[in-house]
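# Understanding the architecture of this molecule
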Amino acid sequence: MKDLVLRCLACNAGIVSSYPLETLKVSQQTNKDVKMMAGIQAPIIFSSFTNGLRFHIYSLFKRYSVIFAIILAGSVSGILEFPYQSTKLKLQVNTTLVPGGQSIIFFKELIGTFIHFSIFNFLTSQNSSDLQISLYGALSAVIGMTIVYPYDTIFVNYKINNIQPIQTLKQKKIWKGYIFNLLRTFVGYSVTMFLQSKIW
């Protein structure tokens, strides 16, 4: 239980340190003026738990099977992240959202977690320094985020404008806000992975 709480706190540190970049991303995706810290209560309350749990599940089960641990962690995250993502977006743009979109978040989290944790596991070893862990954690998170970023734009476009995924893909605007998310991911996961390494 203590480890889970520490993992949640580590995730909170990453969230707070990079959150202004999150709202800049949403502002570009939606063409709305989003206040710098709008909606931060959602990730502090919910995402710290869901992300902390994701790391905790991976840590508990990787001794038996790394692949199983990653898939389980990603699946649980995919289920739990949907209400958080919806609440955060609603607070950021201050508007009523379209119901649905669970499958978008599920596959985003599952695929993103698989890529992130697989690359991180490949790059690191017991002899990795704190700096290497922080750098590899950020790099692996950025690669995972980049591959699943279209899911993010599809979700935002669907929830706010009721635009179906195929239409978002046809509009060729799936990379709007990407640079801010890249910076957010690098900064946030540099902090988070460094702190997580102190718990593993």
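Computed from a predicted structure; not experimentally measured.

Conventions and cut-offs
Residues numbered from 1 in each chain as written. Predicted model: local features only at pLDDT ≥ 70, side-chain atom pairs only at ≥ 80, totals over all residues. Heavy atoms only, no water. Helix = DSSP H or I, 4+ residues; strand = E, 2+ residues; numbered from the N terminus. Buried < 20%, exposed > 50% of the residue type's maximum accessible area, 1.4 Å probe, protein only. Contact = heavy atoms within 4.5 Å. Areas by Shrake-Rupley, 256 points an atom, 1.4 Å probe, with all protein chains shown as cover. Phe/Tyr/Trp six-rings, centres within 6.5 Å; stacked < 30°, edge-to-face > 60°. Lys NZ or Arg CZ within 6 Å of the ring centre and 35° of its normal. Expected span 1.5 Å × (residues − 1). Bend = angle between axes of the 7 residues up to and from the residue.

When you go through the chain residue by residue, the secondary structure sums to seven helices and zero strands. Helices and strands appear in the chain in the N-to-C order α-α-α-α-α-α-α. In terms of overall dimensions, the chain has a C-alpha envelope of 45 × 30 × 30 Å along the principal axes. Relative to its full complement of 200 residues, the chain shows a buried share of 52%. Taking the contacts inside the chain whose residues are at least 6 apart along the sequence as the reference set, 78% of them involve residues at least 24 apart. About 9900 Å² of surface is accessible on the chain, with carbon and sulfur atoms providing 65% of the total.

In this section: the packing of aromatic side chains. Two measures describe an aromatic ring pair: the distance that separates the ring centres and the angle between the ring planes. Counted under the stated rule, the structure contains eight aromatic pairs. Here the aromatic rings of Phe61 and Phe68 are separated by 5.9 Å at their centres, their planes lie at 80°, and the arrangement is edge-to-face. Look at Tyr149 and Tyr178: their rings are 5.6 Å apart centre to centre, the planes differ by 75°, and that puts the pair in the edge-to-face class. Highlighted residues: Tyr149 in helix α5 (residues 130–161) and Tyr178 in helix α7 (residues 178–197), separated in sequence by 29 residues. Classification of Tyr178 as buried rests on a relative accessible area of 18%. Each member of the aromatic cluster is reached from another via a ring pair, and the members are Phe55, Tyr58 and Phe117. Sitting over the ring of Phe55, Arg54 keeps its end group 5.2 Å from the ring centre.

For helix α3 (residues 66–93), which comprises 28 residues, the first-to-last C-alpha distance of 38 Å matches the rise-based estimate of 40 Å (1.5 Å per residue) to within 8%. Largest kink in α3: about 40°, centred on Glu81, with the proline Pro83 one to four residues after it. Count one or two residues on from α3 and you reach Asn94, which has phi positive near 55°.

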